[in-house]
Amino acid sequence: MEFIKRSKLSALCIAATCLLAACGGNQKPVDLTENKSAAPKKYETGTIAEKTLSSYARLPGQLNPFNEVNLFPKVNGFVKQIYVDRGSEVRKGQLLLTLEAPEMESQLQAANSRYLQAQETANASKEKYARLKQAAQEPGSVSPLDLDNALTRMKADNAIAQAERSNVESVKTVQGYLRIYAPFDGTIVQRNVSPGALVAPGKATDQPMLVLQDTRKLRLEVAIPEDYVDKVDLKQAVTFSFNAIPGVDHTAKISRSANSLGGMRSEAIEIDVMNNNSQLKPGMYAEVKIPMVSGAKSLLVPNGAIVRSTERKYVIVVKDGKAALTDIKDGMTGKDSTEIFGNLKAGDKIVLNANDELKNGDAVK
């Protein structure tokens, strides 16, 4: 046993001696954290161009009827009869519905009675004046004052008769409001009343009796953002397609513009769209390509040269072989190029296929 213990102790001593000898030699430990710098990557470069950019903006649009009217009653009454329904095609001047108001008939009778009475009084005054005038031909038979009074009375009674006649015409006009006619050719798209319903003149926010739309020609309305309002090319045709009818492109000219910015800081333009086959419906959404042209020369870069992140937009300018990140604001976008604004000039060398791996000061070959 004593021999085995001594043998183990000797082996431990020999192992310790060998380890110390290895550490004291010329070999150095490997530094695993050493980071050898990779060779600079090669990037495709180009220059910033300066020229006029002709392109288009892709914007949403909506179809609206060319004419639309909400039909309200002008007087209080009950719906007597409706001659149309939703979807009815109507012509201008066509009778759409009638109302009834019994009290209006009584008002017309009363106005007629007052007019007849005033007319009789005016006729009597006229005859009296004629007799006095004839009698006045005999000197001293009629005083000039009596003749003047008769003339004044005749004129006053005639004026009263004319006023009562106007009152009768006014009541007849109001009575005509009980008949509702179509103001233009179109289609009834809403019917909100039934016979017997009580209706009254309302505001624009109230529910109308009928809604009439002219859908033979439609208005395609597009909102142009404020940044583009001065760049719309009114001379070129607009191309548009409808989401409900994919694969079919239409072209037309811009018909009119508002020449004013609305609440969304945009200008409304309209394009007249003919609807000969009634395939298009008001309310349809469209994708519209609005032709635009830059009024002056702009700085242009390839679309791939712009690096976009949630915080900034920039291009990578190459200065003395090193990368310089330069913030920009982009403008109109064409098929291959984008208009940019920033601390740049034509001829500056930039990285064409830029990405966020390049940092300020990195070497660029």
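- If you look the protein chain up in an unreviewed UniProt entry, it shows as Efflux RND transporter periplasmic adaptor subunit from Mucilaginibacter mali.
- The Sequence similarities (unreviewed entry) field of the UniProt record for the protein chain holds the comment "Belongs to the membrane fusion protein (MFP) (TC 8.A.1) family."

Here's the deal with the overall build of the protein chain
Reasoning step 1: Secondary structure summary: the protein chain contains three helices and 21 strands in total.
Reasoning step 2: Buried positions account for 33% of the 365 residues belonging to the protein chain.
Reasoning step 3: Intrachain contacts of the protein chain at a sequence separation of at least 6 include 76% that bridge at least 24 residues.
Reasoning step 4: A total accessible area of about 23,600 Å² is found for the protein chain, and carbon and sulfur atoms account for 51% of it.

A word on the pattern of salt bridges
Reasoning step 1: The final tally for this structure, using the stated rule, is 15 salt bridges.
Reasoning step 2: Glu164 is paired through a salt bridge with Arg114; the nearest N and O atoms lie 3.5 Å apart. Note that Glu164 is positioned in helix α3 (residues 144–176) and Arg114 in helix α2 (residues 102–135), a separation of 50 residues in sequence.
Reasoning step 3: By relative accessible area, which is 38% here, Arg114 ends up partly exposed.
Reasoning step 4: Of the charged contacts, one joins Asp214 and Arg216 as a salt bridge, the two residues approaching to 3.3 Å between their closest N and O atoms.
Reasoning step 5: You can call Asp214 buried: its relative accessible area is 7%.
Reasoning step 6: Each of Arg91, Asp185, Asp214 and Arg216 takes part in a single network of salt bridges with overlapping partners.

Considerations on the nonpolar core
Reasoning step 1: The biggest cluster of nonpolar side chains holds 24 residues, and the ones touching the most others in it are Leu220, Phe240, Val288 and Ile290.
Reasoning step 2: Counting 21 residues, the second-largest nonpolar core is a separate cluster that includes Val79, Ala182, Phe184 and Val199.

Here's the deal with the packing of aromatic side chains
Reasoning step 1: Per the counting criterion, the structure on display carries one aromatic pair.
Reasoning step 2: Here Phe240 and Phe242 contribute two aromatic rings whose centre-to-centre distance is 5.7 Å and whose plane-to-plane angle is 80°, an arrangement assigned as edge-to-face. Phe242 carries the same exposure label as Phe240, and that label is buried.
Reasoning step 3: In this arrangement the basic side chain of Lys217 is found over the ring face of Phe66, its NZ or CZ atom lying 4.2 Å from the centre.

Some remarks on α3
Reasoning step 1: Spanning 33 residues, α3 covers 48 Å between terminal C-alpha atoms, matching the ideal 48 Å at 1.5 Å per step.
Reasoning step 2: Residues of α3 that are buried include every one of Leu147, Ala150, Met154, Asp157, Ala161, Glu164, Val168 and Val171, and no others.
Reasoning step 3: Those residues of α3 that are buried are in contact with α2.

Observations regarding the pairing of strand β11 (residues 238–242)
Reasoning step 1: In terms of burial, β11 is largely enclosed, as four of its five residues are buried.
Reasoning step 2: By the bridge criterion, five bridges tie β11 to strand β12 (residues 245–252) in an arrangement that is antiparallel. Paired with Ser241 across the bridge in β12 is Asp249.
Reasoning step 3: Joining the antiparallel neighbours β11 and β12 is a turn of two residues.
Reasoning step 4: Across four bridges, β11 lies against strand β15 (residues 285–293) in antiparallel orientation. Of the residues in β15, the one forming a bridge with Phe240 is Val288.

So, α2
Reasoning step 1: For α2, which comprises 34 residues, the first-to-last C-alpha distance of 51 Å matches the rise-based estimate of 50 Å (1.5 Å per residue) to within 8%.
Reasoning step 2: Listed in full, the buried residues belonging to α2 are Met104, Leu108, Ala111, Ala118, Ala122, Ser125 and Tyr129.
Reasoning step 3: Buried positions along α2 lie against α3.

Remarks on the sheet that holds strand β4 (residues 77–82)
Reasoning step 1: Reading across from one edge, β7-β6-β4-β9 is the order of the four strands in this open sheet, with antiparallel pairing throughout. Each edge of the open sheet carries a strand with a single partner, namely β7 (179–181) and β9 (198–199).
Reasoning step 2: With three bridges connecting them, strand β6 (residues 95–100) and β7 associate as antiparallel partners. Directly across from Leu95, in β7, lies its bridge partner Tyr181.

Here we look at the packing of α2 against α3
Reasoning step 1: Relative orientation of the contacting elements α2 and α3 amounts to 160°, with a least axis distance of 8 Å. As far as their axial angle goes, α3 and α2 are roughly antiparallel. In the crossing of α2 with α3, the sense of the turn from one axis to the other is left-handed.

Here's the deal with unusual backbone geometry
Reasoning step 1: Phi at Asn259 takes a positive value of approximately 55°, unusual for a residue other than glycine.
Reasoning step 2: If you check the backbone angles, Ser278 has positive phi at about 60° while not being a glycine.
Reasoning step 3: Inspection of the secondary structure assignment puts Ser278 in the loop between β14 (266–274) and β15.
Reasoning step 4: Overall, Ser278 belongs to the partly exposed group, its relative accessible area being 42%.

The rules behind these values
Residues numbered from 1 in each chain as written. Predicted model: local features only at pLDDT ≥ 70, side-chain atom pairs only at ≥ 80, totals over all residues. Heavy atoms only, no water. UniProt positions renumbered as here; feature names shortened; annotations may be inferred. Helix = DSSP H or I, 4+ residues; strand = E, 2+ residues; numbered from the N terminus. Buried < 20%, exposed > 50% of the residue type's maximum accessible area, 1.4 Å probe, protein only. Contact = heavy atoms within 4.5 Å. Areas by Shrake-Rupley, 256 points an atom, 1.4 Å probe, with all protein chains shown as cover. Salt bridge = Lys/Arg side-chain N within 4 Å of Asp/Glu carboxyl O. Core = buried A, V, L, I, M, F, W, Y, C linked by side-chain atoms within 4.5 Å. Phe/Tyr/Trp six-rings, centres within 6.5 Å; stacked < 30°, edge-to-face > 60°. Lys NZ or Arg CZ within 6 Å of the ring centre and 35° of its normal. Expected span 1.5 Å × (residues − 1). Pairing = 2+ DSSP bridges. Axes fitted to C-alpha atoms, helices over the stretch in contact; angles between N-to-C directions. Parallel < 35°, antiparallel > 145°, perpendicular 65-115°, else oblique. Left-handed = near helix turned anticlockwise from the far one by under 90°.

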